[in-house]
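Close look at the chain arrangement
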Amino acid sequence: MQLFVQQIVEGLASGAIYASLALALVLIYRATRIVNFAQGEMATLSVYFAWQLNQWGVPFALSLIIVAAISFVMGALVFRLMIRPVLGASDHTMVVICIGFFIGFEAIALWFWGADPRAFPRLFPDAVWTIGGVRLSANNLGILATLCVLTAGLSALFRFTRIGLAMRASAAEREKSPLVGIPVETMLMLGWGLAATVGFVAAALIAPALFLSPPMMVSVVIYALAAATLGGWDSPTGSIVGGLVVGVAESLCATFVGFIGTDLKVGVPFALMAVILLLRPQGLFGTTAVIRV
Amino acid sequence: MTDAVLQVRGLRAGYGSIRVLHGIDFDVEDGAIIALLGANGAGKTTTLRALSGMIPARGVVKLDGKDIGSASAAERASRGIAHVPQGRGTFMDFSVEENLALGAYTVRDKAAIRTALDYWYGVFPWLAARRNQPAGSLSGGEQQMLAIARALMTQPRILMCDEPSLGLSPTITQDLFALLARLNKERGMAILLVEQNARFTLSIAHRAYVLESGEIELQGSAAELHDNPLIQRAYLGI
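Only a predicted model underlies this, so the values are computations on that prediction, with no experimental measurement involved.

Hydrogen bonding along the main chain pairs the strands of a sheet, whether they run parallel or antiparallel. Residue and element names in this part refer to chain B. Reading across from one edge, E6-E7-E8-E3-E9-E10 is the order of the six strands in this open sheet, with mixed pairing throughout. Looking at the sheet topology across the chains shown, the edges are occupied by strand E6 (81-84) and strand E10 (215-221). In this sheet, neighbouring strand axes are inclined to one another by 15° on average, regardless of whether the strands run parallel or antiparallel. Of the pairings in the sheet, the one linking strand E9 (residues 207-212) to E10 comprises six bridges and is antiparallel in character. Within E10, the residue paired with Glu 212 across the bridge is Glu 215.

Listed below in structure tokens is the structure:
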């Protein structure tokens, strides 16, 4: 029982990271109908910036804040320079562009910082508490708390602010939004910026455990894709729940399902994806378009 | 004419290489309801889309005497062109209240938004009762009313409605046209009304233009056009 609860705790912590990255993917998908599987690579590059600033003597916390802002600008620029000109192009074009991003961003990281893994400082203290035999580390709790803050912040932005409403409208109704005076492309650009920042948070949370290297986020993106598919690509709530479910499922399967173990656990997200696509293709929280005349 | 809210000269527009409008001229005077009639494919919707900046167009479009030809769709909206597009003019997945808030996007004054909101909740009490429901769950007629309310959350100079009667029952169409006539009378709202339903339209419009294959074929007062045998045969089924 203790082991079971322990594995759920571990699963929730890694799930929170998948959820954050999935949230970034969903933000982009909602805004521009693109599955940006280079999101992880962009995030890795951001973490390198933070690492570099830290190396140059900038206090760690400050470097994280600066890079959160830089990530926002980077995401906005990527949209402005490379997505906007082909907005409305076919899915194939978008896939090829994302492959380009994937290779490009990883190459940039490789070019400047090489392939050797670098240690990235922990964001949270090393403290561990034991409650009823279950170990709760400050790191795991910190990761979960970060996800909560991120979620609360974003949902407040989207629900209660004028700009959040305009961003949602631009994503949902690109044709009609200009008719009420919303500069749609600016809103989509903000969406990309926001997603890049959220992606950076996910990568910064996991970097201490994985060590910082150019392909660091490749496997994480797979889990995030599974999380977004599970939750529904048009639902931020879905991506959070999806991420946590994928994390817990991975952790439990690795421990309790004999033939999976740590070697095969990367198969868990694929299995979840396959099942959800068969049973409920729009995802748990996704919607199919309902048209009423 | 000097008191025209909207002046259109030589408007040409189309989609890609397909030309739909071949240079049309018309005016919408302040406080008037102007109808744009015509068969399917005549270019009525294209005219509105060109005017609100949804599609690129050539020619001169003046709002209150100022050329707005180079303004983006969002800029035109904030300058006072309110376009209710064809079909579902609402933001379907958004609640009634969010739709109205979106309509007021260009208004910064919170008190003015509140006043406009209260005004519309007064006109349509059922809107207030369903303020948290998604617009997509309303009936077709209710959605059309909401779309008009949304478009008028700002104080636009001109309201352009694209076939508001589409898919509505005759009774509801009647209500809708009564609303448009009332807005025109009470608030002096200039309205450019695109319709296939010529009978209803001519009953509330002051003047009308008949569009055919991207050109203005006929124009005149609503009464003149109503008595025109050509119109009677082609559009009124008399």
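Residues and elements named next belong to chain A. Direction of pairing for strand E1 (residues 128-131) relative to strand E2 (residues 134-137): antiparallel, over a ladder of four bridges. For Thr 130, the partnering residue across the bridge sits in E2 and is Arg 135. Between E1 and the antiparallel strand that follows it, E2, lie two residues; Gly 132 among them carries a positive phi value of about 55°.

A few words on helix H7 (residues 170-187) of chain B. All names here are of chain B. Here H7 contains 18 residues, and its C-alpha end-to-end distance of 25 Å stays within 8% of the 26 Å for a straight helix at 1.5 Å per residue. Within the sequence span of H7, burial applies to Phe 177, Leu 180 and Asn 184. Along the axis of H7, the buried positions cluster into a sector of 55°, meaning they face one direction only. In H7, those exposed residues whose orientation departs by more than 90 degrees from the buried face are Thr 171, Ala 178, Lys 185 and Glu 186. Its buried side turned inward, H7 meets strand E3 (33-38), strand E8 (190-195) and helix H8 (198-204). Positive phi appears at Gly 188, one or two residues downstream of H7, with a value of about 65°.

Residue-level contacts link 15 residues of chain A with 19 residues of chain B. Partitioning the side of chain A that touches chain B into residue classes produces 11 nonpolar, one polar and three charged.

Each value, and the rule that gives it
For every chain, the first residue of its written sequence is number 1, and the numbers climb from 1 along that sequence. Key to labels: chains lettered from A, ligands numbered from 1, both in the order written. The predicted origin of the model limits local features to residues at a pLDDT of at least 70 and limits the giving and counting of side-chain atom pairs to 80 or more, whereas totals for whole chains, interfaces and linings rest on all residues. Strands qualify as paired when DSSP identifies two bridges or more between them. Secondary structure elements are taken from DSSP: a helix is a run of H or I of four residues or more, a strand is a run of E of two residues or more, and numbering for both begins at the N terminus. Under this scheme, a helix contributes an axis fitted over its contacting stretch, all axes are lines through C-alpha atoms, and angles between N-to-C directions fall in the 0 to 180 degree range. To estimate how far a helix should extend, the number of its residues minus one is multiplied by 1.5 Å. Any residue whose C-beta has 12 or fewer other C-beta atoms within 10 Å is treated as exposed, any with 20 or more as buried, and any in between as partly exposed, C-beta atoms being built from the backbone. It is the directions from the helix axis to the C-beta atoms whose arc is reported. We call two residues in contact when their backbone-placed C-beta atoms lie within 7 Å. Each residue gets one of three labels, nonpolar for Ala, Val, Leu, Ile, Met, Phe, Trp, Tyr, Cys and Pro, charged for Asp, Glu, Lys and Arg, and polar for the others, Gly among them.

Purely geometric stuff here, so don't read any function into it on its own.
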